[in-house]
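Chain by chain, the residues:
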Amino acid sequence: MLITSTKNEIVKSVRRLRERSARRESGQHLIEGERLVFDALEAGIVPETLFIEQGRTDFEARVSALGVEFFSVSRAVLETVCDTSAPQGIAAAVRTPDLTAPESAEDFPHGLIAALDALQDPGNLGTIIRTADAMGAAAVLLGTGSTDAFSPKALRAAMGSTYHLRIFQCELSETLPKLRESGFSLVCGHLAGEERLPMLNRDCVIVIGNEANGVSDGIARLCSLCRLPMLGRAESLNASAAASILIFETAKKINGIEF
C-alpha cells in the first residue's frame, strides 16, 4: 500500500510519537534510519507501523525477508514523520518495552549497572547507554526526573544500544539501598570523592548525576564517592564524558582487564 498524504491518520499517529506525551499515552516510540530500524528488527522487535520510502527496494527486500509488513510512503510523508531533517528512507513505530523496575533486588540483572540521577540531556543519555552497552553493562536505571530514553535524539545517540540491555525507571532512593543490601557496590562521580575507585564487587552500580547539580545529596550518601583526576586546566567534564570514563574504568576493574 502506498501512502502519499501527510494527513493520513496512520501518518499522523506515527508523527505524534515525536512528543513525549504521545509516547507515554500510546506505549510506542519512533525510530528512524537504517541502523536503528534494522537493529530493532534483528533484536526481534516487531513494528506496530513501518514506513519505507517509495523506491527503496533494498529496504523492502530486507524487511520482506524478515517477514515484516510495511507501508510504502512518499518522501513528503517520511519527512513529516521523521525528527531528522534528512530522513534515510525508513522509519517505524515500535512498542516501548516495559520499564518497570523489579520489586526485589534479586530480580535485577547481575554485573555492571549505570544509574542516572535526573539526567536531563537526551544526547548525554544516549551516549551513556551506548557506552554502558559497549562495556558489557547489564542495565541502565533512569532515576526520577531523567529524560526519556526513547526520544528520537536519545535513540540516535545510543546508536541501537537501547535494544541491547535492560532499561528501568525507578526511584533511586528506594532501589539503590535494595541493591546495596543484595551485594552491589554503589559508586558515584562526585567532586568530594577520592581520586581512585574503591574496592568493588562484581555486581556494581555507577551513579551519574544531573548535568547542572550532579548527584543529589541523598543518593550520594548511599555511595562511595569517586572524583576523576583532572590533569589539565579544565575544571570538569560533561556528564556523558565523565560517565564514559567511570564506566570504562569500573568495567575494567570488576572484570580484571588491563588496558
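Here, every reference points to the structure presented above.
Bear in mind the structure is a predicted one, so any value in this text is a computation, not a measurement.

A. Just empty space enclosed by the protein, in detail. The final tally for this structure, using the stated rule, is one cavity of 30 Å³ or more. When its volume is computed, the largest cavity comes out at roughly 40 Å³. Contributing to the lining of the largest cavity are Leu30, Ile31, Glu32, Leu36, Pro152, Leu155 and Arg156. Every element with two or more residues in the lining of the largest cavity is listed here: strand 2 (28–32) and helix 7 (152–158). Taken together, the residues of the lining of the largest cavity break down into five nonpolar, no polar and two charged.

B. Examining the packing of helix 6 (residues 122–134) against helix 10 (residues 239–255) more closely. With their axes 9 Å apart at the nearest point, helix 6 and helix 10 run at an angle of 15° to one another. The angle between helix 6 and helix 10 places the two elements in the roughly parallel class. By crossing handedness, the relation of helix 6 to helix 10 is classed as right-handed. Note on element contacts: helix 10 touches helix 6 through Ala239, Ser240, Ala243, Ser244 and Ile247, opposite Asn124, Thr127, Ile128, Thr131 and Ala132. In terms of residue class, the contact of helix 6 with helix 10 is made up of five nonpolar, five polar and no charged.

C. Representation of unusual backbone geometry. Within the chain, Ala118 stands out as a residue other than glycine whose phi angle is a positive 60°. With respect to the helices and strands, the residue Ala118 is situated in the loop between strand 6 (112–116) and helix 6. If you check the backbone angles, Met159 has positive phi at about 55° while not being a glycine. Tracing the backbone through its elements, the reader meets Met159 in the loop between helix 7 and strand 8 (166–170).

D. Spatial organisation of the pairing of strand 7 (residues 139–143). By the criterion of burial, strand 7 is predominantly enclosed, with five of the five residues buried. Judged by which residues are buried, strand 7 turns out to be covered on both faces: Ala139, Leu141 and Gly143 on one side and Val140 and Leu142 on the other are all buried. As defined by bridge partners, strand 6 adjoins strand 7 across four bridges and the pair is classed as parallel. Paired with Leu116 across the strands is Leu142, a residue of strand 7. Tracing the backbone out of strand 6, into helix 6 and back to the parallel element strand 7 gives a crossover that is right-handed. Where strand 7 and strand 8 come together, five bridges link them in parallel fashion. Within strand 8, the position partnered with Val140 by the bridge is Ile167. Following the chain from strand 7 across helix 7 to the adjacent parallel strand 8, one finds a crossover that is right-handed.

E. Focus on the sheet that holds strand 11 (residues 224–226). As summarised here, the arrangement of the six strands in space is 8-7-6-10-9-11, forming an open sheet in which the pairing is parallel. Every interior strand has two partners, whereas the edge strands, strand 8 and strand 11, have only one. Averaged over all adjacent pairs, the angle separating strand axes in this sheet is 30°, with direction ignored. Along the sheet, helix 8 (residues 172–181) contacts strand 6, strand 7, strand 8, strand 9 (185–194) and strand 10 (204–208); its crossing angle with strand 7, the most-contacted strand, is approximately 145°. Those strands touched by helix 10 are strand 6, strand 9, strand 10 and strand 11, and its axis lies near 165° from that of strand 10.

Reading the values: rules and limits
- Residues numbered from 1 in each chain as written.
- Predicted model: local features only at pLDDT ≥ 70, side-chain atom pairs only at ≥ 80, totals over all residues.
- Heavy atoms only, no water.
- 1 Å grid on protein atoms, 1.4 Å probe; cavity = no way out; pocket = protein on both sides within 12 Å on 5 of 7 lines; lining within 4 Å.
- Points joined across faces, edges and corners; volume = space filled by probe spheres on them.
- Helix = DSSP H or I, 4+ residues; strand = E, 2+ residues; numbered from the N terminus.
- Nonpolar A, V, L, I, M, F, W, Y, C, P; charged D, E, K, R; others polar.
- Axes fitted to C-alpha atoms, helices over the stretch in contact; angles between N-to-C directions.
- Parallel < 35°, antiparallel > 145°, perpendicular 65-115°, else oblique.
- Left-handed = near helix turned anticlockwise from the far one by under 90°.
- Contact = heavy atoms within 4.5 Å.
- Buried < 20%, exposed > 50% of the residue type's maximum accessible area, 1.4 Å probe, protein only.
- Pairing = 2+ DSSP bridges.
- Right-handed = clockwise from strand over helix to strand, strands pointing away.

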